[in-house]
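A look at the structure
For reference, the chains in residue letters:
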Amino acid sequence: MRRNVLMYFAFIFFFSCNQIKENQSNAKENLIKTESVTEKKSSKSSTKIVLGVDKDEINALVKNIYEINGEVFIDLDFVQIKFKNVDERVVINENPKIRTYKIDSESLIYSKDCKTLNLKELIRSKSKILQDKTIILVGEAKGGRMQSLNFGCYG
C-alpha cells in the first residue's frame with residue numbers, strides 16, 4: 001500500500017512539473033505572437049490613416065493640422081454647441097474621439113477674419129489656429145474629405 005501511495009505522488013509530481021514547463025512555453029509563444037501583432041499594427045497605422053465619416057454639419061475643436069506625403073489632414077474633436085442666452089454659448093464634448101479628414105484644393109476654407117484660404121495659407125496659419133481655443137470649426141465632410149471649413153467667420 002505504501003508503495004502505491006509513493007508511486008501515486010511521484011506520478012502526480014512528474015506530470016505537474018511537465019504541465020508547468022508546458023504552460024511557461026505557451027506563455028512565451030503567446031507573448032512573442034502578441035508583440036509581432038503589435039508591431040504590424042503600429043507599422044500599418046503609421047502608413048494608413050483612417051478617415052472620418054460623412055457629416056453634413058460639423059462643429060468641432062481643431063486638434064491638429066498636418067501634412068503627410070503632400071496631403072493635408074485635420075484632426076477634429078466633435079462638440080455640441082448650446083446657447084444659454086443670446087450671447088452665451090456652451091461647448092459640450094461628450095465624446096473626445098478624434099476624427100481625421102483630408103483637406104485638398106477643392107475644400108472651401110474660411111479663416112476667422114473671413115478670408116478664403118488655400119492649402120499653403122492654411123498650413124502657415126496652423127499654429128495661430130491651434131493656439132486659439134475659442135475657435136469652433138464649422139464644416140461639412142464627404143468621402144473622408146472636408147468640403148468646407150470655417151474657422152470662425154460666422155457672421
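Details of the structure are given in the entry above.
A brief structural summary. (Residues numbered from 1 in each chain as written. Predicted model: local features only at pLDDT ≥ 70, side-chain atom pairs only at ≥ 80, totals over all residues. Heavy atoms only, no water.)

Examining the overall build of the chain
Helices and strands together make up the secondary structure of the chain, namely 3 helices and 9 strands. When the helices and strands of the chain are listed from N to C terminus, the series reads α-β-β-β-β-β-β-β-α-α-β-β. The buried share of the chain, reckoned over its 155 residues, is 25%. For the chain, contacts bridging at least 24 residues in sequence account for 53% of all contacts bridging at least 6. Counting every atom, the chain has about 11,600 Å² of accessible surface; 55% of that belongs to carbon and sulfur. (Helix = DSSP H or I, 4+ residues; strand = E, 2+ residues; numbered from the N terminus. Buried < 20%, exposed > 50% of the residue type's maximum accessible area, 1.4 Å probe, protein only. Contact = heavy atoms within 4.5 Å. Areas by Shrake-Rupley, 256 points an atom, 1.4 Å probe, with all protein chains shown as cover.)

Digging into the pattern of salt bridges
Per the counting criterion, the structure on display carries 3 salt bridges. Asp 104 is the partner of Arg 145 in a salt bridge, and the nearest nitrogen-oxygen pair spans 3.1 Å. Here Arg 145 is found in strand E9 (residues 145-150), whereas its partner Asp 104 is found in the loop between strand E5 (98-103) and strand E6 (108-110), with 41 residues between them in sequence. Linking Lys 112 and Asp 132 is a salt bridge whose minimum nitrogen-to-oxygen distance equals 2.7 Å. Of the two residues, Lys 112 sits in the loop between E6 and strand E7 (116-117) while Asp 132 sits in the loop between helix H3 (126-131) and strand E8 (137-142), which places them 20 residues apart along the sequence. Asp 132 sits in the partly exposed class, given a relative accessible area of 23%. (Salt bridge = Lys/Arg side-chain N within 4 Å of Asp/Glu carboxyl O.)

Description of the pairing of strand E3 (residues 80-83)
As paired elements, E3 and strand E4 (residues 89-92) share 4 bridges and run antiparallel to each other. Bridge pairing in E4 places Lys 82 opposite Val 90. Turn length for the E3-E4 hairpin, with the two strands adjacent in sequence and antiparallel, is 5 residues. (Pairing = 2+ DSSP bridges.)

Side note on the state of the cysteines
Here the structure, examined in full by the defined rule, presents 1 disulfide. The disulfide partner of Cys 114 is Cys 153, and the S-S distance across this bridge is 1.9 Å. The chirality of the disulfide connecting Cys 114 with Cys 153 is right-handed, given an S-S dihedral of about 100°. Taken as a pair, Cys 114 in the loop between E6 and E7 and Cys 153 in the segment after E9 lie far apart in primary sequence, 39 residues in all. (Disulfide = S-S within 2.5 Å.)

Describing the packing of aromatic side chains
Evaluation of the coordinates by the stated rule reveals 2 aromatic pairs. Residues Tyr 66 and Phe 73 carry aromatic rings whose centres are separated by 5.9 Å and whose planes lie at 25° to one another, so their mutual orientation is stacked. Look at Phe 73 and you get buried, because its relative accessible area is 6%. Judged by centre distance (6.4 Å) and plane angle (20°), the rings of Phe 78 and Tyr 101 are stacked. (Phe/Tyr/Trp six-rings, centres within 6.5 Å; stacked < 30°, edge-to-face > 60°.)

Quick notes on the nonpolar core
Counting residues in each nonpolar core, the largest one holds 21 residues, and the members touching the most others are Ile 58, Val 62, Ile 74, Leu 76, Met 146 and Phe 151. Sorting the residues of this core by element identifies strand E1 (55-68), strand E2 (71-78), E5, H3, E8 and E9 as the ones contributing at least two each. Beyond its immediate stretch of four places on either side in the chain, Leu 76 contacts Ile 58, Ala 60, Leu 61, Val 62, Lys 97, Ile 98, Arg 99, Tyr 101, Leu 137 and Met 146. (Core = buried A, V, L, I, M, F, W, Y, C linked by side-chain atoms within 4.5 Å.)

A word on the side chain of Thr 100
Mapped onto the elements of the fold, Thr 100 is located in strand E5. On the basis of relative accessible area, Thr 100 is assigned to the buried category, the value being 12%. Only 2.7 Å separates the side chain of Thr 100 from the side chain of Asp 75, close enough to count as a polar contact. (Polar contact = N/O pair within 3.5 Å; in protein donor to acceptor, adjacent residues only side chain to side chain.)

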